[in-house]
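For reference, the chains in residue letters:
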Amino acid sequence: MPNPTHPFRIILPLFVVLVIVLLGCTGSASIQQNPVVSTDKLELLRNKTILFIIPENENKYFEDYVSMLPKAWTITPIEVIKYKDLGKYSNAAETHAFFTVSGIKKTTTSQTGSRTNVHYFLTLSLPYATNKKGVTKTHELCRIELYPDTKTVNSFSTTKGNEVAYSRGEFRNFNLPYMLSYLRFVQNNLQNGKDPNVYNNYTDAQLKAKLVKDTLYVPTGLLYDRNMFSGAEEPKEKNFFQSYSGTYKYVSPSELINIIKNRPTKPIFLFEYVLSSTDKYVGVLEVNSGTVVHRKYTPLSYNIKSKDLKAILE
């Protein structure tokens, strides 16, 4: 049986582990991103087949991923595989690029003590060169923040990162409806030569005007309160979303997949909430176009609040 962790070590840095000590530094974790993607990178990408790897807890939707992701990602061929089959692609750097889950662990130190933050995110890794030791260098063309539960955060490992992320990880915004939105969003940006920036706030006035008269779909199992000290989590009360001034509906991933199948052209508005360490993202995605209708990024915040919902239609 192929070893699914093998390609991560050889062909590309799919799980990036950074331990950074910053003396006297406070604030949220941040990254530097290039504002544009060069035409050379885009041309290299167009000559690759994209490999999209799904976590084991998404295997039950594998056939839906296979049939629906190619409708969202159209600038290159895309192949969906299960994590257990990744070992078959250990020598695929010349022919493939990879949508993968990566992780970063950062430790900041100040006069009041030290703090460790863990971030998981979806990235598009584009191999471009292999050195004499057989290690492949890659361009990272996007960063889409993922929302791990506390168990996944606490299980972060420098030696078993891939196994944790794909075999045992629980990411509340890694499901097919979100991935359809994110891949379209990334593709739209790349085609315009832009590197998607996770720290931008977004608003689309035209789609927001349509949202006022339409339904906002809220995935079940998304909304939790997390204790900032212990990490303990509790589901939000079901009536929490009453602070939103428009029409909304709670839906399971299966229900939302069926809605997407039956509405290929009409806007489908998907509520987005991501807690990445102490970074909070609250937004609305339009699934069929990959447009971010609304997104507000808040650093040093641990939980979603009623005011976050009220701000969507303001």
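This text follows the structure it describes.
Residues numbered from 1 in each chain as written. Predicted model: local features only at pLDDT ≥ 70, side-chain atom pairs only at ≥ 80, totals over all residues. Heavy atoms only, no water.

Enquirer: Quick question: what am I supposed to make of the pairing of strand β4 (residues 96-110) here?
Expert: Each regular strand displays side chains that alternate between the two surfaces of the sheet. Of all 15 residues making up β4, 12 are buried, and the element is well covered by its neighbours. Here strand β2 (residues 49-54) pairs with β4 via four bridges, running parallel. Counted as the bridge partner of I50 is A97 from β4. Two strands pair when backbone bridges link them, and β4 and strand β5 (residues 113-130) are joined in this way by 13 bridges, in the antiparallel orientation. Bridge pairing in β5 places S102 opposite F121. Hairpin remark: β4 followed by β5, antiparallel, with two residues in the connecting loop. (Buried < 20%, exposed > 50% of the residue type's maximum accessible area, 1.4 Å probe, protein only. Helix = DSSP H or I, 4+ residues; strand = E, 2+ residues; numbered from the N terminus. Pairing = 2+ DSSP bridges.)

Enquirer: What is the right way to look at the pattern of salt bridges in this model?
Expert: Side chains that differ in sign of charge can pair as their charged atoms come close. In the structure shown here, the tally under the stated rule is 10 salt bridges. The salt bridge partner of R168 is E163, with a shortest N-O separation of 2.7 Å. R168 gets classed as partly exposed once you look at its relative accessible area, which sits at 48%. According to the relative accessible area criterion, E163 is partly exposed, its value standing at 25%. In this structure, E233 and R172 form a salt bridge, with 2.8 Å as the shortest nitrogen-oxygen distance. Separated by 61 residues along the polypeptide, E233 in strand β11 (residues 233-235) and R172 in the loop between α5 (161-168) and α6 (176-191) bring together distant segments of the chain. Exposure remark for E233: the relative accessible area of 23% places this residue in the partly exposed category. You can call R172 buried: its relative accessible area is 12%. One connected set of salt bridges, linked through shared partners, spans K84, D85 and K88. (Salt bridge = Lys/Arg side-chain N within 4 Å of Asp/Glu carboxyl O.)

Enquirer: Would you take a moment to explain the side chain of H294 for this structure?
Expert: Within the secondary structure, H294 sits in strand β15 (residues 291-299). Judged by relative accessible area, H294 falls into the buried class, the value being 9%. Beyond its immediate sequence surroundings of up to four residues, H294 is in contact with Y202, T203, K208, V282, G283, V284, A311 and I312. (Contact = heavy atoms within 4.5 Å.)

Enquirer: Looking at this model, I keep getting lost on unusual backbone geometry. Mind explaining?
Expert: The general pattern is negative phi for most residues beyond glycine and trans for most peptide bonds. Despite not being glycine, S277 shows a phi value in the positive range, around 60°. As for its placement among the helices and strands, S277 is situated in the loop between β13 (269-276) and β14 (279-286). On the basis of relative accessible area, S277 is assigned to the buried category, the value being 16%. Despite not being glycine, L300 has its phi angle at roughly 55°, a positive value. With a relative accessible area of 47%, L300 lands in the partly exposed category.

Enquirer: What is the right way to look at the pairing of β13 in this model?
Expert: Counting buried positions along β13 gives eight out of eight residues, so the element sits mostly inside the fold. Side chains F269, F271, Y273 and L275 of β13 all project onto a buried face; the interleaved residues L270, E272, V274 and S276 project onto the opposite face, where all are buried too. Pairing analysis gives two bridges linking strand β9 (residues 215-219) to β13, with the strands arranged parallel. Residue pairing in the sheet places L216 in a bridge with F269 of β13.

From the geometry alone we can't say anything about function, so treat these as descriptive.
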